[in-house]
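# Inside the fold
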Amino acid sequence: EKEKKIKEGMLMMGMKPQAFVLSWFIIYGFFMILTALLLAILSVFGRVTPNANFFLIFLLFFLYGLSIIGMGFMIAPFFDKSKVAG
């Protein structure tokens, strides 16, 4: 995407930058929900944290993942190649 300049082409066709960022955030947010759910299930029912509340553990993992995604969005424009940005 970065090397092929797909974003610039879509912007020339009329796509708003917020729609582009929101689409990536939704995709990564969905993956983060699945990952946080899996980690919460493993930690609570796998007896890693047996007395913890399942919802709070899930919320902790999910919010941490969203903050990492946001940090990645802020750092990615500084790199030109997709291998370096990833």
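Predicted, not measured: the structure shown is a model, and the values here were computed from it. (Residues numbered from 1 in each chain as written. Predicted model: local features only at pLDDT ≥ 70, side-chain atom pairs only at ≥ 80, totals over all residues. Heavy atoms only, no water.)

A few words now on the nonpolar core. In terms of nonpolar packing, the biggest core is built from nine residues, these being Met32, Ala36, Ala40, Val44, Ile57, Phe58, Phe62, Leu66 and Ile69. If one sorts the elements of this core by residue count, helix α3 (residues 54-75) sits on top with five residues. Not counting the four nearest positions on each side in its chain, alanine 36 is found in contact with Phe58, Phe61 and Phe62. (Core = buried A, V, L, I, M, F, W, Y, C linked by side-chain atoms within 4.5 Å. Buried < 20%, exposed > 50% of the residue type's maximum accessible area, 1.4 Å probe, protein only. Helix = DSSP H or I, 4+ residues; strand = E, 2+ residues; numbered from the N terminus. Contact = heavy atoms within 4.5 Å.)

Over its 29 residues, helix α2 (residues 17-45) extends 42 Å from the first C-alpha to the last, a length consistent with the 42 Å expected when each residue adds 1.5 Å. Lining the buried residues of α2 we find α1 (6-12) and α3. Positive backbone phi, approximately 65°, marks arginine 47, located one or two places after α2. (Expected span 1.5 Å × (residues − 1).)

Let's shift gears to the environment of leucine 66. Residue position: leucine 66 is located in helix α3. Remark: the alpha-carbon pair of leucine 66 and isoleucine 33, spanning 33 residues in sequence, is separated by 9.3 Å. Those residues in contact with leucine 66 that lie beyond four places of it in its chain are Phe25, Gly29 and Met32.

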